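Structural description and commentary
Here's the letter readout for the chains.
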Amino acid sequence: MTRPARPIPGRHLRPPMGWNSWDCYGTTVTEEEVLANATFMRDRMLAHGWDTVVVDIQWYEPTARAHGYNPDAPVLLDDHGRQLPAPNRFPSAADGAGFGPLADQVHQLGLRFGLHIMRGIPRRAVAARLPVAGTDWTADEIADTGSVCPWNSDNYGLNHDHPGAQAYYDAQVAQFARWGVDFIKADDMLFPYHEREIAAYAQAIARSGRPIELSLSPGTDVSLAHLDHLRDNATMWRVCDDLWDRWEDVEAQFGRMARWAPWQSERGWADADMLPLGHVGIRAERGDDRLCALTRPEQISLLTLWLISRSPLMMGGDLPTSPAETIELLTNDEALAVLWHSRDNREVLRERDLVLWTAGDTDGRTRYAAVFSLADTPARVTVPLSSIGAHPDDRIRELWTHTDTPHDGHQLRVALPAHGAALYRLAP
């Protein structure tokens, strides 16, 4: 039985928020681990807007391992070349049930269920000349064997001059819809920019009859010139390669999100990538079992940038085993209000190690500001109130510490740790 996820009022007006298995489990996540994270989200995070659980890459690979991909992986397919969950990792998928039982359990928790899929059609389906569901064509007739992903060997691209290519995507997404999928992360779509593949996948979702959100990856060098096409076809799109718990990865996002933030809206969301926070690397593609290597100030800077630029939030760490301090950051409603209710978000200054952002609020009165120090050592900065859109009589509240910040009506003096940030609400 497919149950709809419980809607959150105004959800379409803000970026998606959820958990994704990639940073902690790579290609190896199991049904038990997905349900543990879903249960934690229901108990501790749903009330704060977190509502989506995503199973990342190679859920159809029974021999998946940490630290990479198996060549010529024995991916599980149905008779029409569509991927099936590996029952050794997802027991409820046995006997052709697919992700239907798992999606039902996630929906019963009041959450939405998502999965990852690679662009194109499995190479094993092509080699076996499997029939495309509902057609007289076979997989080898519709594949573009010259279009391959540079980092994963599971699939070929599709030849969209052949009508069977759209038919394959239609059949694949129709099966996802029957399972109760609410969110699809489609990978290998943006580098290079596969315009026809993206449009075909969006068309398949529209034909499925289920309201499924589409997330596009990986986003390396994606250009703002594609904005209209992205908005027409996707809910969110990555603007970078994989981001990990390294300060250089976080710092690189400042320029990207400054470029994309002015265009964020319910028409689509530029995605600064998953949050590599808490307990990551358990069986991951990158690194060993560890807690996030970013310092706490760096974690606050990361979250501040994601919030003030209105990026989607997809937590990458294992929720049940992450530190309480991490969950506290993720459930700070005062800070999350910036994601939910801000507008006109933009970088207003970047000089040496100082970066300033501002935004308004949908109430027309409240404003927000973020002050970042990119310096490698602690810094004391003096910020003219006019530089962050503050007025002399404003009450200025720092949202991570929940404290009012005194000022002299002209300047704000801020002490920041190395790579630190402060996030402010400005109100009359």
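Read on for a plain summary of the structure. Quick caveat, the model's predicted, so the values are computed rather than measured.

**Observations concerning the sheet that holds strand β21 (residues 421-427)**
Think of a sheet as strands paired side by side through backbone hydrogen bonds, with each pair either parallel or antiparallel. Ordered in space as β14-β15-β16-β21-β18-β19, the six strands form an open sheet in which the pairing is antiparallel. At either end of the open sheet lies a strand with only one pairing partner, and these are β14 (342-351) and β19 (403-404). Where strand β15 (residues 354-361) lies against strand β16 (residues 367-373), seven bridges are found, and the strand directions are antiparallel. Bridge assignment links G360 to a residue of β16, and that residue is R367.

**Brief notes about the nonpolar core**
If you look at the biggest cluster of nonpolar residues, it comprises 122 residues, and the most contacted ones within it are W50, W59, I184, Y201, L216, W237 and L275. Sorting elements by how many residues they give to this core places helix α6 (residues 163-179) first, with eight residues. Look past the residues within four positions of L216 in its chain and what remains in contact with it is A186, M189, L190, I198, L230, A234, M236, W237 and R238.

**Concerning the packing of aromatic side chains**
Per the stated rule, a full pass over the model turns up 13 aromatic pairs. An angle of 65° between the planes, with centres 4.7 Å apart, marks the rings of Y169 and Y201 as edge-to-face. Of this pair, Y169 sits in helix α6 while Y201 sits in helix α7 (residues 195-208), and the two are 32 residues apart along the sequence. Accessibility expressed as a relative area gives 0% for Y169, which makes it buried. By relative accessible area, which is 1% here, Y201 ends up buried. Ring geometry for F254 and F372: centres 4.9 Å apart, planes at 85°, overall edge-to-face. Pair noted here: F254 is in helix α9 (residues 247-260) and F372 is in strand β16, with a separation of 118 residues, a long-range link. We classify F372 as buried; its relative accessible area is 0%. Aromatic ring contacts, followed pair by pair, group W59, Y60, F90, F99, F113, F176 and W179 into a single cluster.

**Focus on the environment of S309**
Here S309 shows up in the loop between α10 (296-308) and β13 (313-315). For S309, a relative accessible area of 0% puts it in the buried group. Sequence-wise, S309 and P323 are 14 residues apart; in three dimensions their C-alpha atoms are separated by 25 Å. With residues near it in sequence (within four places) discarded, S309 still touches M257, A261, Q264 and W357. Here L305 takes part through its backbone oxygen, which lies 2.6 Å from a polar atom of the side chain of S309.

Analysis parameters
- Residues numbered from 1 in each chain as written.
- Predicted model: local features only at pLDDT ≥ 70, side-chain atom pairs only at ≥ 80, totals over all residues.
- Heavy atoms only, no water.
- Pairing = 2+ DSSP bridges.
- Helix = DSSP H or I, 4+ residues; strand = E, 2+ residues; numbered from the N terminus.
- Core = buried A, V, L, I, M, F, W, Y, C linked by side-chain atoms within 4.5 Å.
- Buried < 20%, exposed > 50% of the residue type's maximum accessible area, 1.4 Å probe, protein only.
- Contact = heavy atoms within 4.5 Å.
- Phe/Tyr/Trp six-rings, centres within 6.5 Å; stacked < 30°, edge-to-face > 60°.
- Polar contact = N/O pair within 3.5 Å; in protein donor to acceptor, adjacent residues only side chain to side chain.

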